[in-house]
Amino acid sequence: MHESYRQAAPRGRRSATDRGGRGRGRAGPAFAADAPAIVVSDGVTQPVFGYADAIRERLFIDSTFDSDRDGLRDIIAFDVMRPKATLDGLKVPVIMDASPYYSTLCRGNESECKADLDGDGLLEKWPLFYDNYFVPRGYAVILLDMVGTNNSTGCPTTNANEDNLSAKQAINWLNGRAVARNAAGEIVKADWHNGKSAMIGKSYDGSLAMATAVTGVKGLTTVVPISGPTEYYDYVRSNGVITRGNSYVASLSNTVTNPARRDYCKPTRDRIAAEDGDEHGDYTAFWNERSYVKKVPNQTASVLLYHGLNDDNVRPDHFSKYWYALAENNIPRKLWLSQEGHVDPFDSRRSVWVSTLHRWFDFWLHGVANGIMDEPRVDIERSADVWETYADWPVPGKADTEIFLQPGAGGAGGLKVVPVAQPKTESLWTTRRRARTR
C-alpha cells in the first residue's frame, strides 16, 4: 500500500493559517445563543476559526484487546486538533485518519511524520492537509496511532481485529462510551463533539476506515477510503497464488512497528507467520478476520470511495467487491475511478477532489443542504484528465465483455475477446519479493 505525495493547503484556497473574520453568510447548525457558530456561505462552511490558536491534545484510551499478549489491555494514542471556539460552546464533528505509519514510513510525498518538536507531548507537525484545511472550517481532526505503532502500545497484527478495532475506541470515546486520559492521567471528555464523525485515509489507512465502518459503531457517520484493501486474502494472493512473497502479512507488521519495538513484537509476528497459510494458500479463519466485504450488512456509514483503475498495488477488485456490497445493502455512496495507479486524488485532481470532499463532509457532518447526494453518483477518468459522470457503476446500459488468455513468446501471453482455436499450456516464472507498502 505505497503512496507518494505531499498534502498541503490546496492551491487557490486560503491556507489554515489565514485566520479570517466571521464574515457574512448563513449560519450553520444552531447552538446556544452565546456560543460561536459555524458559518456557511456559497453552500460550504467558511474558514472563520483560527488555526494557530487551535486546541491541541494527545489522549490515551484503554482498548478492549491485548495484541502483544502481555496480560494488559493495549492503550491507543491519538492526537486531536479542534477550534479554540469549542471552549466557548462550539460543537464540531471529527475527521479522523487512523494510520500505522505516523512514525515509520509516514505520510505523503515527503514522508511527513508526526513531530513533537519542543518535547511538550503535543504535535507541532501534522501530516496531511486535513488539519490546516478543515479545522478553520469548524471541524476537529484526529490522527490516531493504530495499535502497536508510534505512541500506542501493543503490536501490529496487519488488519486483524486488534488493528481493525483501534479507531473504534476513539469513536466510542467521542460518543461517551469510553474513557480517555491525557498524559497526566486526567479524564478528558469530548464535550465539544457534535456526535458525528468521519474516517478517511489511503491504502492501509483506508482499510482501517472500512474496517471500522463494518463494525457498525454508532457515531461513525461517513468514511472516505482511498485505494484501500478490502479482502486481505485477495491482496496477497491472486486466484490462490501467492503474489507478495511468503509471510508478507508478518513482514508488513514489522514495517509499521517502531524500530525500537521490533524485537519486542517478534513473537506477535511469528504467530502471524505461523497462521497465514503460505504453505497451502487456503482461505482460513486467518483471512476471514481480515475480510470486510461480507461484514458490510453491519455498516451504516455513508461512503465516498476512490480507486485507481491502474493500481497494481491494491488492485481494482478491492473497490468493486466493496462497492457491490454497499449497493446490495443500500448504503449511501459515491465513487471516483481514475486512470492513476496507487495515487491519492489530492495529487491528481486536487481542486475538484478537495471541493468534493469539503461538500461531502459538510453534508454528512454539518448537515449543510448542498445537493451533493443529488448529483451523479460516479466520476470516471476516461483518459488523462478527461472525466465523465454517470448515474452509477457499473455504467447503466453497459454489458460484460469476456476476455480470453492468449499464448505468447516467452510465456507472457496476452488477452483477446475470442478464445484460442487450440488449447495450449505455457509456464511463466517470476521472482517473489517482499513489497513495502503504505
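Rules of the game
- Residues numbered from 1 in each chain as written.
- Predicted model: local features only at pLDDT ≥ 70, side-chain atom pairs only at ≥ 80, totals over all residues.
- Heavy atoms only, no water.
- Buried < 20%, exposed > 50% of the residue type's maximum accessible area, 1.4 Å probe, protein only.
- Helix = DSSP H or I, 4+ residues; strand = E, 2+ residues; numbered from the N terminus.
- Contact = heavy atoms within 4.5 Å.
- Core = buried A, V, L, I, M, F, W, Y, C linked by side-chain atoms within 4.5 Å.
- Disulfide = S-S within 2.5 Å.
- Salt bridge = Lys/Arg side-chain N within 4 Å of Asp/Glu carboxyl O.
- Expected span 1.5 Å × (residues − 1).
- Axes fitted to C-alpha atoms, helices over the stretch in contact; angles between N-to-C directions.
- Parallel < 35°, antiparallel > 145°, perpendicular 65-115°, else oblique.
- Left-handed = near helix turned anticlockwise from the far one by under 90°.
- Pairing = 2+ DSSP bridges.

(A) Geometry of helix H6 (residues 248-256). The buried fraction of H6 amounts to 8 of the 9 residues, a majority that puts the element mostly inside the structure. Residues of H6 that are buried: Tyr-248, Val-249, Ala-250, Ser-251, Leu-252, Ser-253, Thr-255 and Val-256. In this fold, the buried residues of H6 make contact with helix H4 (204-213), helix H5 (232-236), helix H7 (266-275) and helix H8 (285-288).

(B) Here's a closer look at the nonpolar core. Formed by 76 residues in total, the largest nonpolar core has its most connected members in Phe-78, Met-96, Trp-173, Trp-192 and Tyr-322. Each residue touching Met-96, except ones within four places of it in the same chain, is listed here: Ile-142, Leu-144, Ala-167, Ala-170, Ile-171, Ala-198, Met-199 and Ile-200. Core analysis: the next-biggest nonpolar cluster, separate from the first, contains 33 residues, Leu-128, Leu-143, Val-224 and Trp-360 among them.

(C) Examining the state of the cysteines more closely. Applying the stated criterion across every chain, the model contains 2 disulfides. Bridging Cys-106 to Cys-113, the disulfide has an S-S length of 1.7 Å. Its S-S torsion of about 80° marks the bond between Cys-106 and Cys-113 as right-handed, since a negative value means left-handed. In this structure Cys-113 comes out as partly exposed when scored by relative accessible area, which is 30%. Two residues share a disulfide in this structure: Cys-155 and Cys-265, whose sulfurs sit 2.1 Å from each other. What sets the handedness of the Cys-155 and Cys-265 disulfide is the S-S torsion sign, and at about -85° it is left-handed. Of this pair, Cys-155 sits in the loop between strand S7 (140-145) and helix H2 (161-164) while Cys-265 sits in the loop between H6 and H7, placing them 110 residues apart in sequence. Using a relative accessible area of 1% as the deciding quantity, one classes Cys-155 as buried. We classify Cys-265 as buried; its relative accessible area is 1%.

(D) Looking closely at the pattern of salt bridges. Within the structure shown, the criterion is met by 10 salt bridges. For Arg-58, the salt bridge goes to Asp-79, with nearest N and O atoms at 2.9 Å. With Arg-58 in strand S4 (residues 55-62) and Asp-79 in strand S5 (residues 75-82), this pair connects stretches of sequence that are 21 residues apart. When its relative accessible area of 14% is taken as the criterion, Arg-58 is described as buried. Classification of Asp-79 as buried rests on a relative accessible area of 1%. Of the charged contacts, one joins Arg-349 and Asp-379 as a salt bridge, the two residues approaching to 3.1 Å between their closest N and O atoms.

(E) Helix H9 (residues 317-328), seen in detail. The terminal C-alpha atoms of H9, which comprises 12 residues, lie 17 Å apart, in line with the 16 Å expected from a rise of 1.5 Å per residue. Three or more residues of H9 are buried, namely His-318, Phe-319, Ser-320, Tyr-322, Trp-323, Ala-325 and Leu-326. Contacts made by the buried residues of H9 are with H4, strand S11 (220-226), H5, strand S14 (302-308), strand S15 (333-338) and strand S16 (378-383). Phi turns positive, to about 55°, at Asn-330, one or two residues after H9.

(F) The packing of H6 against H7, seen in detail. Their axes nearest at 8 Å, the elements H6 and H7 cross at an angle of 160°. The orientation of H6 with respect to H7, classified from their angle, is roughly antiparallel. Like other packed secondary-structure pairs, H6 and H7 cross with a definite hand, here right-handed. Judged by residue contacts, Val-249, Ala-250, Ser-253 and Asn-254 of H6 engage Arg-269, Ile-272 and Ala-273 from H7.

(G) Spotlight on the sheet that holds S14. With mixed pairing, 12 strands are arranged side by side in an open sheet as S9-S8-S4-S5-S7-S6-S10-S11-S14-S15-S16-S17. Sheet topology places strand S9 (187-188) and strand S17 (386-390) at the edges, where each strand pairs with a single neighbour. As paired strands, S16 and S17 are joined by 5 bridges and run antiparallel to one another. Across the sheet, residue Asp-379 finds its bridge partner in S17, namely Thr-389. Contacts from helix H3 (residues 166-174) reach S4, S5, strand S6 (92-99), S7, strand S8 (180-181), S9, strand S10 (193-202) and S11, with the element oriented near 165° to S6. Strands in contact with helix H10 (residues 350-366) are S6, S10, S11, S14 and S15; relative to S11, the strand with the most contacts, it is inclined by about 160°.

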